[in-house]
Amino acid sequence: MPEKTLSIVVIDQVPERANLITAGLNGAGYAEVTVISNTVDLVGRIAAINPSVIIVDLENPRRDTVEQMFRVSQQVKRPVVMFVDQSDSDTARAAMDAGVSAYVVDGMQPERIRPIVDLAIARFNKFHKLESQVEELSTELAQRKTIEQAKGILMEQRGLSEPDAYGLLRKASMDQKRPLVEIAESVIVASKVGL
């Protein structure tokens, strides 16, 4: 059975389809299902509900719907499953670029709902883990550049070797109990104001 805390929002403007999806989700063990049929202030409404997963069911996705899913994905940061009856490769690609975790053509079939939701959650979690790693590496690279720049300034201004410039930065970091990158930033700022 799925986690008891897993909640799902279904976005569907056709009540009959929304009822079929809800029944399929309930049959798969998902009891906490909320249906949104009006997409006005969609991001705000989804944020207020704070679901674990978002399911969108459409007959034929339009570009504005895909763009709206992009905003939802970026702001709410939840797995999005999109069921569509018709599609083309450009729309499917746009949906995946918009952050849709699972894009299923030929509509929702109740017996497939559980594996699709599980897959969407797994893909979403993997993507966000990779995104976090990229962000960490980017921050680390920026910090290294800052430290390299500060070493260069110290080497030029004081005639130090690279190891000596790094040692001076490191000693200041330990003495002041501040991160090395903060000391490096201070050196850069000081050099720009001519101190």
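This write-up is about the structure you can find in this document. These figures come from a predicted structure and were not determined experimentally.

Reading the values: the criteria
- Residues numbered from 1 in each chain as written.
- Predicted model: local features only at pLDDT ≥ 70, side-chain atom pairs only at ≥ 80, totals over all residues.
- Heavy atoms only, no water.
- Helix = DSSP H or I, 4+ residues; strand = E, 2+ residues; numbered from the N terminus.
- Buried < 20%, exposed > 50% of the residue type's maximum accessible area, 1.4 Å probe, protein only.
- Polar contact = N/O pair within 3.5 Å; in protein donor to acceptor, adjacent residues only side chain to side chain.
- Contact = heavy atoms within 4.5 Å.
- Salt bridge = Lys/Arg side-chain N within 4 Å of Asp/Glu carboxyl O.
- Pairing = 2+ DSSP bridges.
- Axes fitted to C-alpha atoms, helices over the stretch in contact; angles between N-to-C directions.
- Right-handed = clockwise from strand over helix to strand, strands pointing away.

What to know about unusual backbone geometry
Unusually for a residue other than glycine, asparagine 50 sits at a positive phi of about 55°. At lysine 177, a residue that is not glycine, the phi angle is positive and equals roughly 55°. If you trace the backbone, lysine 177 turns up in the loop between α6 (162–176) and α7 (180–192).

Examining the side chain of aspartate 57
Here aspartate 57 is to be found in strand β3 (residues 53–58). Owing to a relative accessible area of 5%, aspartate 57 belongs among the buried residues under this scheme. At 3.2 Å, the side chain of aspartate 57 forms a polar contact with the side chain of arginine 17. The residues contacting aspartate 57, other than those within four sequence positions of it, are Ile11, Asp12, Arg17, Ile21 and Phe83.

So, the pattern of salt bridges
A complete count under the given rule lists nine salt bridges for this structure. A salt bridge links arginine 178 to glutamate 182, with the shortest nitrogen-to-oxygen separation between them at 3.3 Å. On the basis of relative accessibility, which here comes to 29%, the residue arginine 178 falls in the partly exposed class. A network of salt bridges, in which partner residues are shared, links Asp12, Arg17 and Asp57.

Some points on the sheet that holds strand β5 (residues 102–105)
A sheet is described by the order of its strands in space; here five strands give the open sequence β2-β1-β3-β4-β5, paired in parallel fashion. Strands with a single pairing partner mark the edges of an open sheet, and in this sheet they are β2 (32–36) and β5. Sheet twist, expressed as the average angle between the axes of neighbouring strands with direction ignored, equals 20°. Strand direction decides the pairing type here: strand β4 (residues 80–84) and β5, joined by four bridges, are parallel. Note on β5: the bridge partner recorded for methionine 82 is tyrosine 103.

A few points about the pairing of strand β1 (residues 7–11)
Among the five residues that make up β1, five are buried, leaving the element largely enclosed by the rest of the structure. Because side chains alternate across β1, one face comprises the buried residues Ser7, Val9 and Ile11, and the other comprises Ile8 and Val10, equally buried. Taken together, the five bridges between β1 and β2 define a ladder with parallel strand orientation. Each bridged residue has a counterpart across the sheet, and for valine 9 the counterpart in β2 is threonine 34. Taking the sense of rotation as the criterion, the β-α-β connection linking β1, helix α1 (residues 15–27) and β2 turns out right-handed. Taken together, the four bridges between β1 and β3 define a ladder with parallel strand orientation. If you follow valine 9 over to β3, its bridge partner there is isoleucine 54.

Structural measurements only, silent on function.
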